Amino acid sequence: MYSKLKQLKWCILGGDKRDAHFAHSLLKCDYDVKVCGVPQIDELPGRAMVNDLEDAVKDADVLVCPVTGTDPQGVLRKSTVPIDLTAVLSRTSKLKVLVIGTANEAVSKAAALAGALVVESMRDDELAILNSIPSAEGAIQIAMENTDFTIHGSASIVLGMGRTGLTLASTLLSMHSNVSIAARKRSDLARGRALGFSPIHFDDLACELPVFDLIFNTVPSLVLDAKLMRVVKKTAVIIDLASPPGGTDFESAKAEGIKAILAPGLPGLVAPRTAGEILASVIPRLVHESLESLS
Ligand code: NAP
């Protein structure tokens, strides 16, 4: 599939072990791949690893950066060496496509100047839904490591019924937790009810929150604020999966003596091989579609 993509030069720039597994999966399929700023894993052949950044990117047609993206200045959030992506983009000569989780203004501008198309991988439903599997398992792993009770029989709530929230709630239910979901859309609450969760509207959260042992947030806005924190059980554990800074007032949680954990990048941490294979199953399609849009 996508045999033309194998004639292009790929560079995987920055990331964690998932990106190393991603590179390995592409190499196994005969893609021409260089890797820089990515941790070494046993499976990755030494010939693919390039220490010199200039060397790695100079003739790349496709540049793939981590799903965690960059800081506002354009520096990659995950890399074994500091990499300013905006500076890198100014040094590419034939770049066609930049793939990155989400591109901020600095990165979008630099890519446009380099004449490259930008593909924001985290906007893709297939990738986000597949990623929700290791994310859900990772969140539950953190819950198990931070509690002295079983998931079975616990009262848990998942805030947000999007791609991650739905998978997480389903996984908790399969472990016999008593699962509630919070959403703001009536249709999401109805879907949750149909799937066997207890639906709670965000407007009613203050009344309902005190019963929960485990609170998982997937909403990328401040939803667990200081006011709500006052009604959370002191023994509850909050695990926030939303991208940093998360949707929890961590200062208030600390002041109330409640354990609250921000848990970014779970796929790469808990299941780097699967997460890398997921990237390899989706990103070639994204690049193919992007190049097709030009013709
Ligand atoms: P998603 O599909 O867009 O779901 C987000 C959910 O949040 C939707 O149900 C949305 O509801 C709800 N929401 C957004 N703003 C809200 C608000 N102000 N009040 C109430 N609900 C609100 O996103 P996703 O793919 O599930 O990802 C969710 C977050 O998790 C993102 O920040 C993502 O980066 C992060 N993530 C983290 C990991 C990790 O390893 N920690 C892994 C995957 C994803 P509406 O439809 O009503 O807007």
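The text that follows walks through the structure, step by step, so that each part is easy to find.

### Overview of the layout of surface pockets
Here is step 1 of the chain: In this structure, the largest pocket occupies an estimated 1100 Å³ of space.
Here is step 2 of the chain: What lines the largest pocket is a set of 32 residues, and nearest its centre among them are M122, T164, L241, A242 and S243.
Here is step 3 of the chain: Counting residues per element, the ones that place at least two in the lining of the largest pocket are helix 5 (125–145), helix 6 (163–174) and helix 11 (266–270).
Here is step 4 of the chain: With four residues, the top contributor of residues to the lining of the largest pocket is helix 5.
Here is step 5 of the chain: The class makeup of the residues in the lining of the largest pocket is 13 nonpolar, 14 polar and five charged.
Here is step 6 of the chain: Taken together, domain 1 (3–123 + 272–294) and domain 2 (128–264) each give at least three residues to the lining of the largest pocket, which thus spans both.
Here is step 7 of the chain: G160, M161, G162, A182, A183, R184, K185, D188, F202, V219, S221 and V223 are the residues that line the second largest pocket.
Here is step 8 of the chain: Of the residues assigned to the lining of the second largest pocket, the class counts are six nonpolar, three polar and three charged.

### A few points about the nonpolar core
Here is step 1 of the chain: With 31 residues, the main nonpolar core has W10, V33, I283 and V287 as its most contacted residues.
Here is step 2 of the chain: Contributions of two or more residues to this core are made by strand 1 (9–13), helix 1 (17–28), strand 2 (32–36), strand 3 (62–64), strand 4 (97–100) and helix 12 (272–292).
Here is step 3 of the chain: Contacts of V287, omitting those with residues within four sequence positions, involve L5, W10, V62, V97 and V99.
Here is step 4 of the chain: Core analysis: the second largest hydrophobic core is formed by 24 residues, I151, M161, F197 and L214 among them.

### So, the site of the ligand
Here is step 1 of the chain: Near the ligand, the surroundings consist of 20 residues, among which T164, R184, K185, A263 and L266 are the closest.
Here is step 2 of the chain: A distance of 2.9 Å is found between an oxygen atom of the ligand and a backbone nitrogen or oxygen belonging to S243.
Here is step 3 of the chain: Notes on the ligand: free accessible area 920 Å², of which the protein chains cover 77%.
Here is step 4 of the chain: With respect to the detected pockets, the ligand is housed in the largest pocket.

### Notes on the sheet that holds strand 1
Here is step 1 of the chain: In space, the five strands of this open sheet follow the order 2-1-3-4-5, with parallel pairing throughout. The open sheet terminates on both sides in strands that have one partner only, identified here as strand 2 and strand 5 (117–120). In this sheet, neighbouring strand axes are inclined to one another by 20° on average, regardless of whether the strands run parallel or antiparallel.
Here is step 2 of the chain: The pairing of strand 1 with strand 3 spans three bridges and is classified as parallel. Its bridge partner being in strand 3, I12 is matched across the sheet by V64.
Here is step 3 of the chain: Packed on one face of the sheet, helix 12 meets strand 1, strand 3, strand 4 and strand 5 and runs near 140° to strand 4.

### Some thoughts on the pairing of strand 6 (residues 155–159)
Here is step 1 of the chain: Judged by how many residues are buried, strand 6 sits mostly within the fold: five of five residues are covered.
Here is step 2 of the chain: Here strand 6 shows a buried face lined by A155, I157 and L159 and a second buried face lined by S156 and V158.
Here is step 3 of the chain: In the sheet, strand 6 pairs with strand 7 (residues 178–183) via five bridges, with the strands oriented parallel. Looking across to strand 7, one finds that L159 is bridged to A182.

### Side note on the side chain of S135
Here is step 1 of the chain: For S135, the position within the fold is in helix 5.
Here is step 2 of the chain: S135 has contacts with T164, L241, L266 and P267, leaving out every residue within four places of it along the chain.

### Regarding the sheet that holds strand 9 (residues 214–217)
Here is step 1 of the chain: A sheet is described by the order of its strands in space; here six strands give the open sequence 8-7-6-9-10-11, paired in parallel fashion. At either margin of the open sheet sits one strand with a lone partner, and together these are strand 8 (198–201) and strand 11 (259–262). The sheet shows a mean angle of 20° between the axes of neighbouring strands, taken without regard to direction.
Here is step 2 of the chain: Where strand 9 lies against strand 10 (residues 237–240), four bridges are found, and the strand directions are parallel. Considered in strand 10, the bridge of I215 is made with I238.
Here is step 3 of the chain: The sheet contacts of helix 6 involve strand 6, strand 7 and strand 9, and relative to strand 6 the element is tilted by about 170°.

About the cut-offs
- Residues numbered from 1 in each chain as written.
- Predicted model: local features only at pLDDT ≥ 70, side-chain atom pairs only at ≥ 80, totals over all residues.
- Heavy atoms only, no water.
- 1 Å grid on protein atoms, 1.4 Å probe; cavity = no way out; pocket = protein on both sides within 12 Å on 5 of 7 lines; lining within 4 Å.
- Points joined across faces, edges and corners; volume = space filled by probe spheres on them.
- Helix = DSSP H or I, 4+ residues; strand = E, 2+ residues; numbered from the N terminus.
- Nonpolar A, V, L, I, M, F, W, Y, C, P; charged D, E, K, R; others polar.
- Domains from an automatic or database assignment.
- Core = buried A, V, L, I, M, F, W, Y, C linked by side-chain atoms within 4.5 Å.
- Buried < 20%, exposed > 50% of the residue type's maximum accessible area, 1.4 Å probe, protein only.
- Contact = heavy atoms within 4.5 Å.
- Near = heavy atom within 4 Å.
- Polar contact = N/O pair within 3.5 Å; in protein donor to acceptor, adjacent residues only side chain to side chain.
- Areas by Shrake-Rupley, 256 points an atom, 1.4 Å probe, with all protein chains shown as cover.
- Sits in = over half its atoms within 2 Å of the grid points.
- Pairing = 2+ DSSP bridges.
- Axes fitted to C-alpha atoms, helices over the stretch in contact; angles between N-to-C directions.

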